[in-house]
Each structure stands twice: as C-alpha cells, then as structure tokens.
Amino acid sequence: MSFLAKYIGQKVRRTEDPRLIQGIGHYVDDIKLADTLHVVILRSTHAHAKINSIDLEAAKSSPGVVAVYTGKDVEGRVGFVPCAAALPDLKVPKYPVLAQGKVIFVGQPVAAIVATDKYKARDAADLIDIDYDPLDVVTDPEAAVQADSSVIHEEFGTNIAFHHSAGTGDIEAAFKQADRIVSEKLYHQRLAPVALEPRGVLAHYLPGEQQMTLWSSTQIPHLMRTQVALMLGINENRLRVIAPEVGGGFGSKLNVYAEEALLGWISMQLKKPVKWIESRRENMTSTIHGRSQSGTVEMAVKNDGTLLGLKYQVIADMGAYLQLLTPAIPTLTGLMLSGCYKIPAISMQCTGVFTNRMSTDAYRGAGRPEATYLVERIMDCVALELKMDPVELRRKNFPKPEEFPFATATGLFYDSGDYEKSLARALEMSDYQKLRAEQSEARKQGRYLGIGVSTYVEICAMGPSIALPAGGWESATVRVEPTGKVTVMTGISPHGQGEETSFAQIVGDMLGVDMDDVLVIHGDTSIVQYGIGTFGSRGLAVGGAALACALDKVVAKARKLAAHILQTDESSLTFENGRFVGAPNDSSITIQEIAQAAHTAHNIPPDFEPGLVATHFFEPKNFTFPFGSHLRGRGRQGDRRGQGASIYRR
Amino acid sequence: MITGNFDYFAPSNVEEAIKLLNEYGDDCKIISGGHSLVPVLKLRLASPAVLIDIGRIKGLKGISFEGGTIVIGTNTTHAEIARSAELKKHCPLLVETAGQIGDQQVRNRGTIGGSLTHADPAADWPAAVLALDADIIVKGKGSVRTIKATDFFVDIMTSAVKSNEIVTEIRITKPAQPQAAAYLKVPQAASGFAVVGVAAQLTLKDGRCEKVAIGITGLGPKAYRASTSENALIGNTLDAATISAAAEKADTEAVDTMEDIHASGEFRRNLTRVYTKRAIMAAMSRA
Ligand SMILES: Cc1cc2nc3c(=O)[nH]c(=O)nc-3n(C[C@H](O)[C@H](O)[C@H](O)COP(=O)(O)OP(=O)(O)OC[C@H]3O[C@@H](n4cnc5c(N)ncnc54)[C@H](O)[C@@H]3O)c2cc1C
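What you see is a predicted model, and the numbers here were worked out from it, not measured in a lab.

About the cut-offs
- Residues numbered from 1 in each chain as written.
- Chains lettered and ligands numbered in written order.
- Predicted model: local features only at pLDDT ≥ 70, side-chain atom pairs only at ≥ 80, totals over all residues.
- Heavy atoms only, no water.
- Helix = DSSP H or I, 4+ residues; strand = E, 2+ residues; numbered from the N terminus.
- Rg over C-alpha atoms; globule rule 2.2 N^0.38 Å.
- Buried < 20%, exposed > 50% of the residue type's maximum accessible area, 1.4 Å probe, protein only.
- Contact = heavy atoms within 4.5 Å.
- Areas by Shrake-Rupley, 256 points an atom, 1.4 Å probe, with all protein chains shown as cover.
- Lys, Arg positive; Asp, Glu negative; His and termini not counted.
- Charge placed at Lys NZ, Arg CZ, Asp CG, Glu CD.
- Pairing = 2+ DSSP bridges.
- Axes fitted to C-alpha atoms, helices over the stretch in contact; angles between N-to-C directions.
- Near = heavy atom within 4 Å.
- Polar contact = N/O pair within 3.5 Å; in protein donor to acceptor, adjacent residues only side chain to side chain.
- Nonpolar A, V, L, I, M, F, W, Y, C, P; charged D, E, K, R; others polar.
- Domains from an automatic or database assignment.
- Buried area = accessible area lost by both parts, 1.4 Å probe.
- Salt bridge = Lys/Arg side-chain N within 4 Å of Asp/Glu carboxyl O.
- Expected span 1.5 Å × (residues − 1).
- Parallel < 35°, antiparallel > 145°, perpendicular 65-115°, else oblique.
- Left-handed = near helix turned anticlockwise from the far one by under 90°.
- 1 Å grid on protein atoms, 1.4 Å probe; cavity = no way out; pocket = protein on both sides within 12 Å on 5 of 7 lines; lining within 4 Å.
- Points joined across faces, edges and corners; volume = space filled by probe spheres on them.
- Patch = residues over 30% accessible without salt bridge, like charges linked within 9 Å, V, L, I, M, F, W, Y side chains within 5 Å.
- pLDDT = per-residue confidence, 0-100.

A. Molecular detail of the overall build of chain A. From N to C terminus, chain A includes 17 helices and 27 strands. A globule of 650 residues ought to have a C-alpha radius of gyration of about 26 Å, and chain A, at 28 Å, matches this closely. A principal-axis box enclosing the C-alpha atoms of chain A has dimensions of 80 × 75 × 50 Å. The burial tally for chain A puts 56% of its 650 residues in the buried class. Across chain A, contacts joining residues at least 24 apart in sequence account for 79% of those joining residues at least 6 apart. Looking at chain A as shown, the accessible area adds up to about 27300 Å², and 51% of this sits on carbon and sulfur atoms. Measuring between centres, the 67 positive side-chain charges of chain A sit 4 Å from its 73 negative side-chain charges.

B. Geometry of the overall build of chain B. A count of helical and extended segments in chain B gives 12 helices and 14 strands. Rg of the C-alpha trace for chain B: 19 Å, near the compact-globule value of 19 Å for 287 residues, within the 12% margin. Viewed in the frame of its principal axes, chain B has a C-alpha envelope of about 60 × 45 × 30 Å. For chain B, the proportion of its 287 residues judged to be buried stands at 49%. Here the analysis covers contacts within chain B between residues at least 6 apart in sequence; of these, 62% occur between residues at least 24 apart. About 12800 Å² of surface is accessible on chain B, with carbon and sulfur atoms providing 51% of the total. If you average the places of the 32 positive and of the 31 negative side-chain charges in chain B, the two averages end up 4 Å apart.

C. Fine view of the sheet that holds strand β20 (residues 486-490) of chain A. Residue and element names in this part refer to chain A. Across the sheet, which stays open at both edges, the four strands sit in the order β21-β20-β19-β25 with mixed pairing between neighbours. Two strands lie at the open edges of the sheet, namely β21 (518-522) and β25 (613-618), each paired on one side alone. When strand polarity is set aside, the average angle formed by the axes of neighbouring strands in this sheet is 15°. Taken together, the five bridges between strand β19 (residues 474-480) and β20 define a ladder with antiparallel strand orientation. Bridge pairing links Thr477 to Met489 in β20. Of the strands in this sheet, β19, β20 and β25 are in contact with helix α16 (residues 539-565), which crosses β25 at around 145°.

D. Representation of the site of the ligand within the structure. All names here are of chain B. Lining the immediate environment of the ligand, one finds 29 residues, of which Ile30, Gly34, Leu37, Thr111 and Asp124 sit closest. At 2.5 Å, a backbone N or O of Ile30 approaches an oxygen atom of the ligand. Measuring from an oxygen atom of the ligand, one finds a backbone N or O atom of Gly114 at 3.4 Å. For the ligand, whose accessible area on its own is 960 Å², the fraction buried by protein is 91%. Of all the secondary structure elements, the ones that give two or more residues to the shell around the ligand are β2 (28-31), α7 (112-118) and β10 (166-173). The element contributing the most residues to the shell around the ligand is α7, with four residues. Taken together, the residues that form the shell around the ligand break down as 10 nonpolar, 16 polar and three charged.

E. Inspection of the domain arrangement of chain A at higher detail. Residue and element names in this part refer to chain A. Entries for chain A in the domain assignment read domain 1 (31-135 + 194-286), domain 2 (161-192 + 288-461 + 625-649) and domain 3 (473-618). Contacts between the two partners involve 19 residues from domain 1, matched on the other side by 17 residues from domain 3. Interface area, domain 1 with domain 3, both sides summed: about 1400 Å², of which 51% is carbon and sulfur. Taken as a group, Gln219, His222 and Arg240 account for 43% of the area that domain 1 buries against domain 3, more than any other trio of residues on that side. Where domain 1 touches domain 3, the interface holds one salt bridge. Taking the shortest distance from any N to any O, the salt bridge between Arg240 and Asp524 comes out at 2.6 Å. Here domain 1 and domain 3 share nine residue pairs in polar contact (both at pLDDT 80 or more) between them. Elements supplying a minimum of two residues to the side of domain 1 that touches domain 3: α7 (221-232) and β11 (239-242). Element by element, the count of residues in the side of domain 1 that touches domain 3 is highest for α7, at five residues. For the side of domain 1 that touches domain 3, the residue count by class is 10 nonpolar, six polar and three charged.

F. Examining helix α12 (residues 265-286) of chain B more closely. Residue and element names in this part refer to chain B. Given a rise of 1.5 Å per residue, 22 residues ought to cover 32 Å, and the 31 Å separating the end C-alpha atoms of α12 matches this to within 8%. Those residues of α12 lying buried are Gly265, Arg268, Arg269, Leu271, Thr272, Arg273, Tyr275, Thr276, Ala279, Ile280, Ala282 and Ala283. On its buried face, α12 sits against β11 (180-187), β12 (194-205), β13 (208-217), β14 (224-225), α10 (227-233) and α11 (240-247).

G. The arrangement of the side chain of Asp524 of chain A in detail. Residues and elements named next belong to chain A. Summarising the element assignment, Asp524 is placed in the loop between β21 and α16. Overall, the relative accessible area of 7% leaves Asp524 in the buried class. At 2.6 Å, the side chain of Asp524 forms a polar contact with the side chain of Arg240. Residues within four places of Asp524 in sequence aside, it is in contact with Arg240, Val241 and Ile242.

H. Looking closely at the packing of helix α11 (residues 368-386) of chain A against helix α12 (residues 390-397) of chain A. Residue and element names in this part refer to chain A. Where α11 meets α12, the closest approach of the two axes is 9 Å, and the angle between their N-to-C directions is 115°. Relative to α12, the element α11 lies roughly perpendicular. Viewed along their axes, α11 and α12 form a crossing whose handedness is right-handed. Contacts between α11 and α12 involve Glu376, Met379, Asp380, Val382 and Ala383 on the former and, on the latter, Pro390, Leu393 and Arg394. Residues of the contact of α11 with α12, tallied by class, amount to five nonpolar, no polar and three charged.

I. Region of the structure containing the interface of chain A and chain B. Contacts between the two partners involve eight residues from chain A, matched on the other side by seven residues from chain B. Taken together, the links from chain A to chain B amount to two salt bridges. Summed over the shared surface of chain A and chain B, the number is two residue pairs in polar contact (both at pLDDT 80 or more). At the level of secondary structure, the elements contributing two or more residues to the side of chain A that touches chain B comprise α4 (118-125) and α9 (280-286) of chain A. Examining the composition of the side of chain A that touches chain B, we find that four residues originate from one element, α4 of chain A, more than from any other.

J. Looking closely at empty space enclosed by the protein. All names here are of chain A. Considering all chains together, one arrives at seven cavities of 30 Å³ or more under this definition. Lining the largest cavity are Met336, Gly339, Cys340, Ala371, Thr372, Val375, Glu376, Thr455, Tyr456 and Val457. Contributions of two or more residues to the lining of the largest cavity are made by α11 and β18 (449-457). Looking at side-chain class alone, the lining of the largest cavity contains six nonpolar, three polar and one charged residues. By volume, the second largest cavity is sized at about 50 Å³. Considering the residues around the second largest cavity, the lining is formed by Arg291, Ser292, Gln293, Ala316, Asp317, Met318, Ile329, Pro330 and Thr360.

K. Region of the structure containing a nonpolar patch on the surface. Together, Met1, Leu43 and Leu45 of chain B give the surface a local cluster of nonpolar side chains, amounting to about 280 Å² of exposed area. Looking at the secondary structure, you find Met1 of chain B in the segment before β1 (7-9).

L. Representation of the confidence of the model for chain B in the model. Residues at a pLDDT of 70 or more form 100% of chain B, whose mean pLDDT is 96. Interface predicted TM-score (ipTM) for the complex: 0.80; the corresponding pTM is 0.90.

Here it is in structure tokens:
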C-alpha cells in the first residue's frame, strides 16, 4: 500500500495532553461512584514475624467503620497472588492477599479496614493491635544462601527459589585458551519504582448482574482480568477491568497485586463500590522493586583483545514472594550477556533467592540494563588490563554489518545493526581524540578527567509469544463508523507513551483521514478485544504493527466495495489519500463514502459482509534490537563537564 | 498519608493565638508554613488535636529596619528573605542561607520562625542566626521574652520556645560593612537539608580579625557556635595557616554527632572542619 506521510514522522501535538495538563483527565482516584466505601490497608511493620494475635475490636467499633478483614477471612476464598513465570524446579510460595499467621516483608498487607471515608478508615487502622513475634530477618541475598540463614518459606527448607543456567558455546575451552581472565564483582542495587500516580483500585460488584468492574492503575488490563477472575473464582467475561488514565508505570504496574483481588472480594462481600489509593509510603514498601543482583562477571580474552568467553555467576534477589514475572527478570539479563560483541561462549549461572523484602520484578528495562552495565563494565576492565583503548576493544569485537542477522551465544538473533557506525558518530561528535589529549594533559597537571564510553544493544518489542508466559502478540481492531470516523481498539495499554496520538497518526496516513477523526480506545476489557498490554518497549512495535495489519484488512475490504460501486475491478484501483482512484471513467470514491455504503448496505456485492471493521492479532517473528553509543568526558571542578554524545537507533 | 483528626483555628492576632495555646495546652500545635509540621502529621509522628494557623496574623510577616537592627517577622518565608535587596546589602548571610534551603516550593512556604522553632538538627537557619548573634522574640500570656540564639537550640527537635509561647520576630544587629560572610553547606541529595552547614560572619580590619561568629548545623543534635575556632581567629591576621588551624577545631563543641545513611559521625566531623575553613576563606574573599 502506498500512502502519504502527512502525519507519521511529523511533529504533531499529543492529543492526550490537553486533558492531562488541565487536570481534567480521569485517574482511578478521579472516578467517583455513589456509596463508595474506602479501604485502608494495615501493613506489616516487621520484615519477618509470627502473628500471635490481631485485636480488631476497637477498630470495628470506630466511627464509620463498616468492616475489617484479616487473613482468616480471605483464606480459601481469595486465590493467591499469581506468578506467571515458569522455570524448571521453580519454588513458588503461596502468596495470600492478606497475611496468614506470618509476615515476611515490611509492607505486607495484614488487615483491610473498610469505612465510609478514607480518613475514618485510616484512624481505625491505628486502633488495631497486632501481637508480633519477630523472627530472624534475611535482607542480604548473599546471606540468604548461607547455611546459617533463617529460612523464610519453611515448606521449602531453603531460601533458594531456583537455579537457572543460560548460554551456549564451549565455555571451559574458551577459558582454557584465554591469555587472560578479567573478573569483577558487581552489585545492582535495589530500586523502588515511583510512578507519579501511585497504584489504586476501585472495585464495583453488581450482585444482580453478577458482574464486576475493576478500575486499576495498570499496564495490563486484560492479563489482570484473567488473573483476578481466577483469584476470585468468577468467570473472566463477568469481570471488566478498566485502566483509566495511568500516571506512569515503568514496569511496576505490569503486575497483579494483592490489592486488586482483595478489593474485588470486599466489593462482593459488601455489595458496594470500594476504593483503595496507594500512599507514597505504600508505594515504596508494597509495589515491586527493581534490580537487586549481585554477581561476578569473568571475561576470557586474548592479548590482542579478542573476546573468547563470558561467565556470569549471580545471585538474584526475588524478595519475599514471587510476583507476576519476578523470576523471569534475571533470565532477561542472561539473554543480553553478549552485549553488542562477538563472544563465542557465554555461561550464566543464576541463583534466585528469597529475602525478607518486597518482591522484585520488572522495572525499567527489567534485567536488561543489568546486562548492559555488567558487559560494559567488564569491557572497561578488560581494556584497562590489556592497556587498550576501550573504544578499540569494543570496535574489535563488534559483529560487522554484513554479519547480521547475528546469532549470539545466548540464543538470540540480532536482526540488524551497525555498531561501528553509531560509535564512529559519537566519537566524531565528542571529538574523542581531543578529549583523550586533554585527559593526558590534565593528568600531567595532577587533575583527573574521566572519559566514559559505552556501546549497547537492547532487546525490545516483547516479543514473540514463545518468550512470554501469556503470549507476546498484540491485537487491534479498526472500525470505520457510518460517518467515516475511525475507532481503534488496541490491546496495548498506554500510560504516558502517547499512542492515542501515534496510532491516530498511523490511521491518518494509512486511511487518508484527518487525525482528529480517529479515536483510539484502550484499557477497557469490555470494549477492547483481548490484548497483552504495554511493557517491554512493545506498544508501537507490536501494537502498532497489529494496527497496520488491521488497517490493511479494512482497506482491502473497502477496495472490494469501491470496485463494486465504481463498476471496475479491484486491481485497477489505487487508494491514495483517502480516495480510491483509477476507475476507467475517472470516477472515484472516498473512504468515508465507502463506510457509509458499507453500513447502509443498499449497494453491495452479493458476497459482501456489511460494515467496515477489521481485527488483527499480530505475532512478531523476533524481538527488535536497537543499539547505540554513549560517550562522556567529565572532569573535576570546571573541566569539560558533560562533553560528549549519545547516538542511538531505535 | 493521612493525618489524624484535628480542629483548626486561624486567629487574626497574636493575643488570640496565645489564648488558644493556653486553652488547649499540649494538645495543640502552631502551624506556619507547614513544611515541617505537615509531614510529621502525615506520618502520624504527632497527632495534635488542635492546629493554630498563624499565617493570617498581620504583622508577623516581613522584613523591616529599626535603626541598626534588622527585624524579621516569624512568618517571613525563606523565599522572601532570599530575594530581599535590602538584606542583600545589610545582611547577605541571611540571603545566602535562605537561597540554599530545600527547593523553590519549600522556600515559598517554609518560614524562618517555623524552621527555628522546629530545631531540626539539619536545618540551615540555626547556623545563620548563631553566626549573626540574633535575638529571637517570644510572646506568652502577658510576657515577652528575648532568647539569644546561643540559648535557643536545646536539643534535637527541641527549641527554648515553650508550648504556650509563640515566636514573633527575629532581631539582628546589622553587621559591620564591608560584609565578610558566607554560608556553605553539604546538602543531602534528596531534600537539600544540611549534612553539615557552616555560617561565618567576620569583621576584618587591616587583614586582622576583629570579630567573628561561626554557626554550625548538621554535625550535632543541635546547632552550635564554634567558639574554639572563633577564639583561634580573633585578634589574629588571617593567613592560611591561622585559618586552617582554627578550622581544625570547628567540631570541638560537638560532643555527640548525628549519624545516618548520608554520613557517619566521623565524616561529618571532617566535613565540619573542611567547610569551616572554606566558609572563612569565602567570607574573607567577599569583604
Ligand atoms: C522537601 C523539603 C525539603 C526541605 N529542605 C530543607 C533544607 O534544605 N534546609 C532547611 O533548613 N529546611 C528544609 N526543609 C524544612 C523547611 O525549611 C521548613 O519549612 C521549615 O523547617 C519549617 O517552617 P514552616 O513555616 O514550614 O513551619 P511549620 O511546619 O509550620 O512548623 C514547624 C514547627 O514550628 C512550630 N512553629 C511554627 N511557627 C511558630 C511560631 N511562630 N511560634 C512557635 N512555634 C512555631 C510548629 O508548631 C511546628 O512545630 C525542607 C522541607 C521539605 C518539606
């Protein structure tokens, strides 16, 4: 299909911004339903403790309090918080939505207080008396594997959740052949994701209809629908999950949390809407954390800088329980251990361990920045050891453009790349030779000027279905309404990425309609066909591809009708700028006219199905592998600060 | 992050505020800019039954001059002080200190009186008022007290203001011209609070130190005057060796030190010595 790029690649204003910057968009907390009750969750103040008793009497009789629930109430009634990641011999602890007899991390939900307003609920939380028996705490993942460590999940008898090996190639031979082996111990510290909008849930169960609507600040409304329905024992099609405006996620909302099922269950008990909005404190303690790996990386090299093999031995901190993808995150590190270099043999040995901390999970890059950091760090260590320019070392080991698609020893196929080109551009922009000259000059004067270089490749557009527990395809429906307006229903769930705009650009160009005539609907499981969601740099790459395929189907169908109306054959028609042209008598017809004709159905071919709607489920064949180079020179006190360049191809 | 229940009063004059303070006793708290108190309330570290908002009381806000004395109303915000042209001329130390507190939002709401009374060991104002030898004026039921800056800070989060008193103003004698003053701090990365902050106000005559006051915050549980250092400077010609030797004693008065994730006690002592030296040198360079 040919189209005029009127919108794609052009600077257009984001259509979602006016409502967001005026504060008139609707986040979960902006949705107000009559008779809503408010939930405050009392959380563990201990990292590891036995709960001897919980005294609820004072809280229950506190003004405005409607109900107070603890682990006893939900036991056997609400399913466990799910982990979807599968690894051989993975130990998955049962993760109750409210603690049952024991708490194993600070911030674990212990009791839910329901009141007529959130202030009364919060006041009542102070009246709950919990008798804890503190137990030994393990917060250091390296200590958790020691024999004398206390065991968090007694049923396993160990804090080890899994062992995972990855990589191919003859690693032992590589290390035997090496002139040198350079190794480094690296820590990736824990991070707490802080989205501008914290999490929040509003649940509304209608007992007559036996249907529930759950508004949640999430990146994955459909996956949540499936999981929460299972946790509550209701039919998936009776649960409607809506992700309204979502104020950022960074992976932290790519999850199914205790609160979603808990609120749903409470609404079913009380037959009223119930709302919980996370406080910033809860955000820090009870939303997933990121990273937390400590490992040793070893690189086997020849004296001329040729890389032979890489070993990474790592302890990955799972936290107390496994959330949706917790154990999968370090496996992503394993996939990216080749960086943008030719490393014939790679081996990762990963031990996932439980600690008395909030679970880790996907956060900004999810395991992949860890790989970039450790590969780039060991490259610098190797350069230092060989007294080689770190730029030269990198260059020497890049696969050449003609070597793509490039197969890594971690089992990936990098589709395309020109790492040399991006690095050359960064060197040129930052005037690398001059920086180095200044560095040695400064050094003579006793000053230090640092120069940092990093070349990297990312794994994006998650991903082929085989790589993701719930599938990695994406869906889109395009519906051309009788008036020619275009409604898009996408399975992705943007939360700041701007696809309401970028998808309208695609439709605008591919259908030749005005962008303003396009409405992009997302994040409502009752309106949108099943989708996977927004994470792993997949929104445009996978969701946008699904949209393009659905648009192709719409145009193909429209072409059929156009040929019928213009009394010509399809092959003689071209679709340009919203109009089918090329009929012998010079007549033409617009997509809007076709839409109307498809709906009135007064003049359609005999085999033509009325309406103008198409859905496509797009399965990507591979990930995408964007790459780039960074170079920075940085001195102390007034030297050329921040001189440098970043070049990337997305 | 929800506070406990409280009743709210917004008196229109100081007498009314004092009356309320006496009526509710330990159950009540004054609120000014709220930038220290509101976080405390939200974390429920305190749950006073009554809040008395003094923000609407006329006459507690603003900068004025009575002859050789600078008068700053308790409700004057950090931002108002930071942008005062008059203070820049007559007392640049105040301007320099104010500009380094927190961020713009904090400076727009937070007040000098609130900060002093809160007596946070990492707050910036205590160092400055000590270096300026300020007087803090406090009113109670039928009483007015003048508290010297050196007597004002009692302990961690504890000032000499009684629970039924209200700070009304801060009075400072205009320092001699040319002004040799500086406030240097090591800020915490997130909040801007001082890991260590050093305020120095000097009077120099022919290269000799005629008068000096050094206020130090962040190191100990309360801000203090570095008297040992001051004594090593007074009367002397301020060459590099003298300044270094004096600065080496800057942590003498601190018996206990703060210690947290930002810095160990030992590191804070080291920072105190280094920043005292830098503050003196910076002050001299401006004279
Ligand atoms: C994010 C953030 C960063 C900050 N960074 C810094 C920083 O870098 N440096 C720094 O010094 N401070 C910092 N602060 C604290 C800030 O300066 C506070 O505003 C200030 O400490 C308190 O002033 P306030 O007017 O807000 O007082 P409030 O919070 O209203 O009150 C503080 C206390 O003083 C009492 N009080 C207030 N006024 C009076 C009065 N007239 N008489 C008697 N008692 C009174 C109140 O009862 C309360 O106990 C920061 C605060 C925040 C939130």
